[in-house]
Structure formats: structure tokens, C-alpha cells
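Close look at the chain arrangement
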Amino acid sequence: MPNTDPQEQIVNVSGADIRVLKGGEGKPLVIFHGVEGSFGWCAYQRGLAQQCTVYAPSLPGFDQSQRPEWLESFADLSRFSLWLLQQLGLEKASLLGYGMGGWLAAEMAAMCPQVVDRLVLIDAAGIQPQQAEITDIFLHGLDATRQMAFFDAQQAPEHDTLFKRKLSPEERETRVQNQESAVRYCWRPYMYERSLPHLLPRLRMPTLVVWGQEDRLIPVECAELYRQAIPGARLEVLPQCGHYPHLEKTEQFIGLVRDFLK
Amino acid sequence: MFLMRFTERAYVAYSAEDVHNSFRSAVRLTFPNRHFNPALGADLYNEYLDEYEYSDRIGFDGLMLNEHHNTPTCLGATMNLEAAILARTTKNAKIVLLGNPLPIFENPIRLAEELAEIDMISRGRLVSGFVRGTGIETWATNTNPVYNRERFQEAHDLVIKTWTTPGPFRWESKHYQFRVVNPFERPLQQPHPPIWIPGIGSPETLVWCAHHHYPYIYLETDPQITLDMMEIYAQAAREVGYEPGPQNFGYLVRIHVQDTDEKAYKVGEGFLVGNAGVGRLPLPGDFMAPPGYNSREGVKRLLEQYKHSLKPDPLYGGVDGAGWDKVVETNRVIIGSPKTVIRKVREMLSTVRPGILGVWTNDGTISHKDTMRCLQLMEKEVLPAMKEMGKELGLPGPFEQAP
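Position labels on residues start from 1 in each chain and follow its written sequence. Chain letters start at A and ligand numbers start at 1, both assigned in the order the entries are written. It should be noted that, the model being predicted, local features are given only for residues of pLDDT at least 70 and side-chain atom pairs only at 80 or more, the latter also being counted only at that level, while totals for whole chains, interfaces and linings use all residues. Values shown for side chains rest on all heavy atoms present in the structure; no hydrogens or waters enter the calculation.

Secondary structure assignment for chain A yields eleven helices and eight strands. We compute the radius of gyration over the C-alpha atoms and compare it with the globule rule, which gives 2.2 Å times the number of residues raised to the power 0.38. For chain A, whose C-alpha radius of gyration is 17 Å, the value lies close to the compact-globule estimate of 18 Å for 262 residues. Along the first, second and third principal axes, the C-alpha atoms of chain A reach 45 × 45 × 40 Å. We call a residue buried when its accessible area falls under 20% of the maximum for its residue type, exposed when it is over 50%, and partly exposed in between, using a 1.4 Å probe and counting protein chains only. Split into buried and exposed, the 262 residues of chain A put 58% on the buried side. Any two residues whose heavy atoms approach within 4.5 Å at even a single point are treated as in contact. Here the contacts in chain A between residues at least 6 apart in sequence split such that 77% fall between residues at least 24 apart. This count recognises Lys and Arg as positive and Asp and Glu as negative, with His and chain-terminal groups excluded. To locate a charge, take atom NZ for lysine, CZ for arginine, CG for aspartate or CD for glutamate. Treating the 25 positive side-chain charges of chain A as one cloud and the 32 negative ones as another, the clouds have centres 3 Å apart. Helix and strand assignments follow DSSP, with helices taken as H or I runs no shorter than four residues and strands as E runs no shorter than two, numbered in order from the N terminus.

Okay, the pairing of strand S8 (residues 234–238) of chain A next. Residue and element names in this part refer to chain A. Between any two strands, pairing holds if DSSP finds at least two bridges. Two elements, strand S7 (residues 207–212) and S8, share five bridges in a ladder whose sense is parallel. Considered in S8, the bridge of Gly 212 is made with Leu 238. Taking the sense of rotation as the criterion, the β-α-β connection linking S7, helix H9 (residues 221–229) and S8 turns out right-handed. Seen with its strands pointing away from the viewer, a crossover is right-handed when the path leading from the first strand over the helix to the second is clockwise.

Another aspect to go through is the packing of helix H2 (residues 38–57) of chain B against helix H3 (residues 79–89) of chain B. Residues and elements named next belong to chain B. Between N-to-C directions, angles span 0 to 180 degrees; the directions come from axes that are lines fitted to C-alpha atoms, helices contributing only their stretch in contact. The geometry of H2 relative to H3 is characterised by a closest axis approach of 11 Å and an angle of 45 degrees between their N-to-C directions. One way to sum up the angle between H2 and H3 is to call them oblique. Pair H2 / H3 crosses with right-handed handedness. In this structure, H2 contributes Leu 49, Tyr 52 and Glu 53 to the contact, and H3 contributes Glu 82, Ile 85, Leu 86 and Thr 89. Residues are grouped as follows: nonpolar covers Ala, Val, Leu, Ile, Met, Phe, Trp, Tyr, Cys and Pro; charged covers Asp, Glu, Lys and Arg; every other residue, Gly included, is treated as polar. Partitioned by chemical class, the residues of the contact of H2 with H3 number four nonpolar, one polar and two charged. Roughly parallel here means an angle under 35 degrees, roughly antiparallel means over 145, roughly perpendicular means 65 to 115, and every remaining angle is called oblique. Whether a crossing is left-handed or right-handed is set by the direction in which the near helix is turned from the far one by less than a right angle, anticlockwise for left-handed and clockwise for right-handed.

Quick look at empty space enclosed by the protein now. All names here are of chain A. A pocket, in this scheme, is an open set of points on a 1 Å grid over the protein atoms alone with protein on both sides within 12 Å along at least 5 of 7 lines, while a cavity is a set where a 1.4 Å probe fits but cannot get out; residues line either one if an atom lies within 4 Å of a point. Grid points are joined across faces, edges and corners, and a volume is the space filled by probe spheres set on the points. This structure, assessed with the given rule, holds one cavity of 30 Å³ or more. Put simply, the largest cavity is a space of about 80 Å³. In this structure, the largest cavity is lined by Ile 31, Phe 32, His 33, Ser 38, Phe 39, Gly 40, Tyr 44, Gln 45, Ala 56, Pro 57 and Tyr 98. When contributions to the lining of the largest cavity are tallied by element, the ones reaching two or more residues are strand S3 (27–32), helix H1 (43–49) and strand S4 (52–57). For the lining of the largest cavity, a count of residues per class yields seven nonpolar, four polar and no charged.

Residue and element names in this part refer to chain A. Strand order in the open sheet made by the eight strands is S1-S2-S4-S3-S5-S6-S7-S8, with mixed pairing throughout. Since the sheet does not close on itself, it has two edges, and those belong to strand S1 (7–13) and S8, each with one partner. Strand-to-strand twist across the sheet, computed as the mean angle between neighbouring axes with direction ignored, equals 20 degrees. Relative to S1, helix H2 (residues 74–87) is tilted by about 115 degrees, and along the sheet it contacts S1, strand S2 (16–23), S3, S4 and strand S5 (93–98). The strands touched by helix H3 (residues 100–111) within the sheet are S3, S5 and strand S6 (116–122), with S5 carrying the most contacts at an inclination of about 145 degrees.

Turning next to the packing of helix H13 (residues 338–352) of chain B against helix H14 (residues 368–392) of chain B. All names here are of chain B. In the contact formed by H13 and H14, the axes pass within 10 Å of each other and the chain directions differ by 25 degrees. Between H13 and H14, the angle is such that the two are roughly parallel. As H13 runs across H14, the sense of the crossing is right-handed. Taken together, the residues of H14 that come into contact with H13 (itself represented by Pro 338, Val 341, Ile 342, Val 345, Arg 346 and Leu 349) are Leu 377, Glu 381, Val 382, Ala 385, Met 386, Met 389 and Glu 392. Classifying every residue of the contact of H13 with H14 gives ten nonpolar, no polar and three charged.

Within the secondary structure, Thr138(B) is located in helix H5 (residues 135–141). Relative accessible area serves as the criterion here: at 1%, Thr138(B) is assigned to the buried category. Setting aside residues no more than four positions away along its own chain, Thr138(B) makes contact with Trp187(A), Ile104(B), Thr143(B), Pro145(B), Asn148(B), Pro290(B) and Tyr293(B).

A separate point is H3(B). Residues and elements named next belong to chain B. Turning to H3, its buried residues are Met 79, Asn 80, Glu 82, Ala 83, Leu 86 and Ala 87. End-on view of H3: buried residues confined to an arc of 155 degrees, all on one side of the axis. Residues of H3 that are exposed and point more than 90 degrees away from the buried face comprise Leu 81 and Arg 88. Buried residues belonging to H3 abut H2, strand S2 (62–65), strand S3 (94–101) and helix H4 (108–121). Regarding the arc, it is the one traced by the directions from the helix axis to the C-beta atoms.

The next point concerns the nonpolar core. Residues belong to a common nonpolar core when they are buried Ala, Val, Leu, Ile, Met, Phe, Trp, Tyr or Cys residues joined through side-chain atoms within 4.5 Å. Counting residues in each nonpolar core, the largest one holds 104 residues, and the members touching the most others are Leu48(A), Leu95(A), Leu96(A), Leu119(A), Met191(A), Leu200(A) and Tyr226(A). With eight residues, H3(A) is the single largest residue contributor to this core. Phe178(B), Val333(B), Ile342(B) and Trp360(B) belong to the second largest nonpolar core, which has 103 residues in total.

Moving on, we come to the environment of Val352(B). Residue and element names in this part refer to chain B. Of note, Val 352 is situated in helix H13. What makes Val 352 buried here is its relative accessible area of 3%. C-alpha of Val 352 to C-alpha of Phe 23: the two residues are 329 residues apart in sequence and 39 Å apart in space. Not counting the four nearest positions on each side in its chain, Val 352 is found in contact with Pro 223, Thr 226, Leu 227, Met 230 and Tyr 251.

Attention shifts here to unusual backbone geometry. Between Arg188(A) and Pro189(A) the backbone carries a cis peptide bond, its omega angle lying at -5 degrees. By the secondary structure assignment, Pro189(A) is in the loop between helix H7 (169–186) and helix H8 (196–199). Between Gly167(B) and Pro168(B) the backbone carries a cis peptide bond, its omega angle lying at 0 degrees. As for its position among the elements, Pro168(B) is in the loop between helix H6 (148–164) and strand S5 (169–172). For Gln240(A), which is not a glycine, the phi torsion comes out positive at approximately 50 degrees. By the element assignment, Gln240(A) lies in the loop between S8 and helix H10 (245–248). Notably, Arg9(B) is not glycine yet its phi reads approximately 60 degrees, a positive angle. Tracing the chain through its elements places Arg9(B) in the loop between strand S1 (2–6) and helix H1 (16–20).

This part is about the pairing of S5(A). Residue and element names in this part refer to chain A. Burial analysis of S5 places six of its six residues in the buried class, which makes it a mostly covered element. The side-chain alternation of S5 yields two buried faces, one formed by Ala 93, Leu 95 and Gly 97 and the other by Ser 94, Leu 96 and Tyr 98. When S3 meets S5, the two strands line up parallel, connected through four bridges. Looking at S5, one finds that Leu 29 is bridged to Ser 94. With five bridges connecting them, S5 and S6 associate as parallel partners. Within S6, the position partnered with Leu 96 by the bridge is Val 120. The handedness of the S5 to S6 crossover, carried by H3, is right-handed.

As C-alpha cells, this is what we get:
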């Protein structure tokens, strides 16, 4: 069994120090977090690290990763993250992202498809739904959003550790900064880029789209829009699951992704 | 001393239950506009304008207007329209806009044009205040809160340059770009109308105002905290080589007069549903300050302020618990007969020492009839007394002594 415990490394990109957790063995897999920032090293990452070398960066402005002053838009974030791959020494890697991180992975793949081995999009933002709406998490506030994010929090063993423990003052400050960063990148238009669905048809890498059937933050309709836009993409919709399949249906999720990345 | 009259122009025809049942029980931003009746709105706008016109005739030096969005607590959604009407229908008082929320404007040049027109129509009576706007304004206009302060400063610089630099010129800044800045209409007051800035004391704004010699108007902040914040301004002023005086500071206070103390006590209670709204439920914090709206330093300062004010200051937060009696006893709202009000205003002026006094005469459920009576009583006794006090206490306004 490979050692799946992570090590933290600091990678400098454009003068900014970026925190990256790295663990496991195998082909490289880079995981991009959502608007809440890094959840640390979770069970699903340990599961994937048995098969891949997992890199989990904290994006600029999140979790004490620095943000260069010029970096202000989602397009900037995408270009910066491609540079991050280069600084990590990854000529080609699989990308996995959830929520905002899924949007980021899709943008990176559309910008520079040759560096993406395989693409995994989990309940990803980025495409404007045609029927429903992407829930305005800033308007609903943090507590309500967390409740909406889960179909059944009790089926997510890490839920209480992640969301119910008392935060230290430093962690509270980090949470505020993470929210600010999410607002900076995603405020308007809210959580999508009009051009993205028009650029995705150029993708040729194998793509897996995973979605919680009961996602109340990003409607499952967006999963179908991703599937339609990306040639050959496979869609897996998990029943009785909310916005975080990797937390709520961890074993099933690990199995799906490991099979796909084999 | 410069005396200006103010009301937020409230709309109160909805119930506490309506607020309670709205999204996140908020009276601002998401409170459904089905609760607004335009027929009643038509009456209210006209009554509020009547009150301002009367205030001009009875000797107020200024008519103060403000602007908020998506809220029944203030009908001034486009304050410049009311200002334009008053520019034509009043004769003497300055028209004091406190203020236009700069960050929400996509085109500050259009704003510069509107203000120049108001200044000309009023024959040079415009005081052009600017604000960052509350978080609600940011939400209502979908302006990214992270850039609120940057947009405020850029828009301010662009408006001032538009007024003072011969066009055409080109403007390229981070948030605003214009090829040909050359509005033909320029303000009557040269080099531009006076700029005053209202707020509740964010330290960055205080320093910025001091550096620009802009008077800062404290919006009914706790008196002791107001004095502390004045010191932040004063230190910043000294850094750039001048000593500020009363002419650099304004203070807005709710002051309501009736024939007797008893009547004022009863009518004045209507203030309580003023800017907090009918139902007086607290707004979600992220409505007033979405992520990124305040700097880290600003947040710390506000938290200290609230920590201080929640307990001893019955006007904010604790008012329902403390009750109207406590609000009145502590003079956080000044009410009474003319004699009582004159005494209480003197006490307040002696402590805070502003050169600009914002007289917030009515709000919430205080009726038009009671407001008009309040203004009549102010004309006869209170305004002349306040003007005397300004002289006696050495409180020059910004038109008597340059800030």
C-alpha cells in the first residue's frame, strides 16, 4: 500500500507562495477546491492517493496561499493555475475539481487541453443553467448554504469535523479571506462564464462528470450541459446525494474516479 | 453653525409579520416590493417634498437628502431627482446630498453631469456628498463588494477631474475607462461644489477625508465614539499640515419638537421604526457588509464600536430591550417641547462640537401632520436658539470657515 499521508509544499508562482498538499503514488492528479477553500486531506483524497500522486493546491487568496495583486478575475485564476502546473513540474496531469474548482478545471482544459490527461468535474460551476439557477450562496449566507449543500449530512462521516467544530481565531480569519476571494473571482457573472460551453467542444481528453442528483446549489441540469458540450464525456449522477459527492458518497465516488483514471 | 434638515422618507405601510416572513426576515434588499403601494408612494413623495420646501422657508441652511436601494426605510432611491426638484422649488437652502453612492455607478461622468445641472438650476446651492453605500447598495446593483473602496476613490477622482479639467480628455483607470470625457455642462460653483462625506467612521474614510479637507458627517454615532473618531481625522489632518475645527465635522441627530414634552414623547416613538423598519428585526450581517466590503482594519474598528455601543447605547441594537424611555433619557434621540429640546441640544453640542448639525426631524411612523407641527415649532424658537448656540459655543460651519 502506498503512503497516502500528505506533505505540504510551497510553490512560488508569479511571486506568490501557493500551499500544496501532496500525497500518494502514481500518475499526477490535481484537485481544485470549491469556494470554501481547502477541506484539508479528506478520505476521498486518501482513496485516490492509493492510485495517483494527488496534488491539492489552495488557490491564490485561499487558506493563506498568496494572491498576486494583478490576479483578479476568473480568467486570471485559470491562467495562473496553468502556470502552477508548470511550477509543480507537471507537463501533463489529470484535473479534478468540485464546485468552483470544477469550473476552474474546465477553463484550464479549454485554454490548454494538451496539459490535461483526464478531466473530472464534480458538481461544477461554470455553465449558466437554462432552466433553474445556480443558488446565490452569498445571498443565502454560510449556514444556510452548508445545509443546502448536503442531501443528508449524516451520510457524510467528515461533516461534523469539517463544519461543526469550533474554529480558532486564525481559522475564522481564513474563512473570511476565503469568502472574499470567492467573491472576487465569482461575483459577476455569478459562477459562470458565457464563453465556456462554446470552448468545451475542443476537448479531446477523457472526461468524467459526476453530480449529486439532489444538488441544491448547482442544478443537475448543468451536469447534462457539461456532458453535451464535451465530446465523449461520461456522466454519472448519484442518487440521494447533494453538492459534495466526494463527502457524501465517498466510497462510491472513489470507486468511480479510480476506475476512470486507471 | 450650518443647520440642515433631514428625513429618510420612510414607507411604513407593511407589518412586522411581513418582514418576519420575508427571505431571511430582512426589511432591506429582499423584502418583496409587492408591499409597496404606488398610490401611497405618490402621496408620500409629495408630502416629503412639501416638508423640504417648508424647511427652506423657515431658515434651515441645508436640505439633506440621502439614497438607499431595495428598502422601504428610505424612499430616496434616486436622490438626484428629488434634489433636482428642490433645486427649482426652493430658494435659499443648500441642497446637501449625503451622498451619491459612487461605487455603484457604472458611469460617473453621467453623475458629474447630473450634479452640474442641479448646481446650475439651484444657482450654486449644491453640496455634493459621496458615500461608499451600504452593502445593500452593492447587492442591489450587483457591484463586486471587494472593489467598493477602489471604485469609490476612482469614481471620485474622475468626477472631480471632469468638473475641474478642461475637456476633452481620456480616462483610463482600473475600474473606469472613457475615451472622450467632455461633458459640455459644468457646475456653477468653481472649481466645483463642496464635497462632504457622511458615514459611521470607517478609519480609511476618515483619513482620506482629512487629506482632502472634506468635512466628515457622523451619522448619529455614539457621542463618545464620535469624539474618538474625530481624533483619527484630526491626526490625519495634522499629518498634512492643518488643524481641523468644527467646520470639518458634522453630526446627524434625531431631533423632534412638539408643543409639550408629553406629546413629543408619544409622537417621537415613531422614530423607532425609522431606518430599522417596521418589525425592527436585525438585518443579516452579510446584507449590510458582504464579504470583502470592509477592510480587515475597518471590520475590527466596527466590531469594537458595536461592542461598545450595544451595551451603553440604547439607540443601536439594544433599543427594544432598553425601551423608548432609555433612548430618550440618554438623549440618543432628542425630543421634547421647544424649551426641552433647546436645553438638550445645547448639552449635545457642547460635547460633540460639530460645525454642521443634521436635524433629523422625523421618520418611521411620525405623520406628515406631526412633522409639519415640529417644523413650525422649530421655526419660532428652536432654529434661532440653535444658531445662537453655534455662535456662543464657537462652532463655525464650512461656509463660515474653510475646512
